[in-house]
Amino acid sequence: MYGRKGYQLVKDFASGEKGQLKPFNSKLFDETIEECRQNQRLIQSLMRKMEQEGLDVQNNRNADYYGALVHHLSLIRNKRCLMAYVHNRADIVRDLGWRVGLELPPEIQEKLTTLEKEYFKNHSAAIKSYMGKAGIDLNVDMVPPKDPYIKVRVVGDIDEGIVMSDKTTNFARHSMHFLKRTDAEPYIARGQMEELTG
């Protein structure tokens, strides 16, 4: 009562590692909503009691008025805690699209609710649509590269005759190439190429 459940919910979220999701705490979330309902019922009963006694609810400042005020403030606090919990989880879900890609691994998916999975799917679809219309891949590199070309070595099996953005290339195992970063990134991410530095 008096906003304790909302506080526990936010504290549960804050106890996790920054930027990492814990499984959705539906038990505590539902308890917070139930506490909000209890506060609402108590506010209504105190207001009805004041009206039945013929007291002016707007101007009279008795114990029932202050009791209703305390329950109202508790209700607002719990609502804010619920919104903070959902908003912060949504921020992390949205950021996952940039950190792990537009497809979530199963160990992350099991921590999400059905609505959060739907939110991630819609967010990813919007990003894919934008990238398709703009003709750029926003997931390639979050830090701008110093040089648009990089030197790579082929370490995995890659099909022959791959068409890069400006030429057709044969990628024999252990061969080295000087490629556009945007062309090489997908192969580096799959472990078929490695970037050579120095």
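In this text, all values refer to a predicted model and were calculated from it rather than measured experimentally. (Residues numbered from 1 in each chain as written. Predicted model: local features only at pLDDT ≥ 70, side-chain atom pairs only at ≥ 80, totals over all residues. Heavy atoms only, no water.)

### As for the nonpolar core
Move 1: If you look at the biggest cluster of nonpolar residues, it comprises 9 residues: Ile-150, Val-152, Val-154, Ile-158, Phe-171, Leu-179, Ala-184, Tyr-187 and Met-193.
Move 2: With 3 residues, strand 1 (residues 149-154) is the single largest residue contributor to this core. (Core = buried A, V, L, I, M, F, W, Y, C linked by side-chain atoms within 4.5 Å. Buried < 20%, exposed > 50% of the residue type's maximum accessible area, 1.4 Å probe, protein only. Helix = DSSP H or I, 4+ residues; strand = E, 2+ residues; numbered from the N terminus.)

### Description of helix 5 (residues 114-134)
Move 1: Here helix 5 is 21 residues long and its end C-alpha atoms lie 30 Å apart, about the 30 Å a rise of 1.5 Å per residue gives.
Move 2: Residues of helix 5 that are buried include every one of Glu-116, Phe-120, His-123, Ser-124, Ile-127 and Met-131, and no others. Considered in projection along helix 5, the buried side chains sweep an arc of 100 degrees and stay on one side of the axis. With respect to the buried face of helix 5, the exposed residues turned more than 90 degrees away are Thr-114, Leu-115, Lys-121, Gly-132 and Lys-133.
Move 3: Following helix 5 by one or two positions, Gly-135 has its phi on the positive side, about 75 degrees. (Expected span 1.5 Å × (residues − 1). Arc of directions from axis to C-beta.)

### So, the sheet that holds strand 5 (residues 193-196)
Move 1: Sheet architecture is open: 3 strands sit in the order 4-1-5, paired in antiparallel fashion. Each of the sheet's edge strands pairs with one partner strand only, and the pair in question is strand 4 (176-180) and strand 5. With strand direction ignored, the average angle separating the axes of adjacent strands in the sheet is 45 degrees.
Move 2: Here strand 1 runs beside strand 4; their pairing, made up of 5 bridges, is antiparallel. Note that in strand 4 the partner of Val-152 across the bridge is His-177. (Pairing = 2+ DSSP bridges. Axes fitted to C-alpha atoms, helices over the stretch in contact; angles between N-to-C directions.)

### Describing unusual backbone geometry
Move 1: Non-glycine residue His-174 carries a positive phi angle of around 70 degrees.
Move 2: With respect to the helices and strands, the residue His-174 is situated in the loop between strand 3 (168-169) and strand 4.
Move 3: Look at His-174 and you get exposed, because its relative accessible area is 56%.

### Some details on the UniProt feature "domain: GINS subunit" (unreviewed entry) in the protein chain
Move 1: Feature annotation in UniProt places "domain: GINS subunit" (unreviewed entry) on residues 58-133, given in this structure's numbering.
Move 2: End-to-end, the C-alpha atoms of residues 58-133 are 57 Å apart, and along that stretch the chain is 80% helix and 0% strand. (UniProt positions renumbered as here; feature names shortened; annotations may be inferred.)

### Observations concerning the packing of helix 2 (residues 26-52) against helix 3 (residues 63-99)
Move 1: At a closest axis distance of 9 Å, the pairing of helix 2 and helix 3 adopts a crossing angle of 155 degrees. Considering the angle they form, helix 2 stands roughly antiparallel to helix 3. When the axes of helix 2 and helix 3 are compared, the crossing they make is left-handed. (Parallel < 35°, antiparallel > 145°, perpendicular 65-115°, else oblique. Left-handed = near helix turned anticlockwise from the far one by under 90°.)

### Here's the deal with helix 1 (residues 4-14)
Move 1: Among all positions of helix 1, only Gly-6, Leu-9 and Asp-12 are buried. The arc that holds every buried residue of helix 1, seen down its axis, measures 120 degrees, which confines them to one face. Turned more than 90 degrees off the buried face of helix 1, the exposed positions are Arg-4, Lys-11 and Ala-14.
Move 2: Along its buried surface, helix 1 packs onto helix 2 and helix 3. (Contact = heavy atoms within 4.5 Å.)

### Concerning the packing of helix 1 against helix 3
Move 1: Where helix 1 meets helix 3, the closest approach of the two axes is 8 Å, and the angle between their N-to-C directions is 20 degrees. When the axis of helix 1 is compared with that of helix 3, the two are roughly parallel. When you trace helix 1 past helix 3, the crossing you get is left-handed. In contact with Arg-4, Lys-5, Gly-6, Tyr-7, Leu-9, Val-10, Asp-12 and Phe-13 of helix 1, helix 3 contributes Arg-77, Asn-78, Cys-81, Leu-82, Tyr-85, Asn-88, Arg-89 and Ile-92.
Move 2: Its residues assigned to classes, the contact of helix 1 with helix 3 shows 8 nonpolar, 3 polar and 5 charged. (Nonpolar A, V, L, I, M, F, W, Y, C, P; charged D, E, K, R; others polar.)

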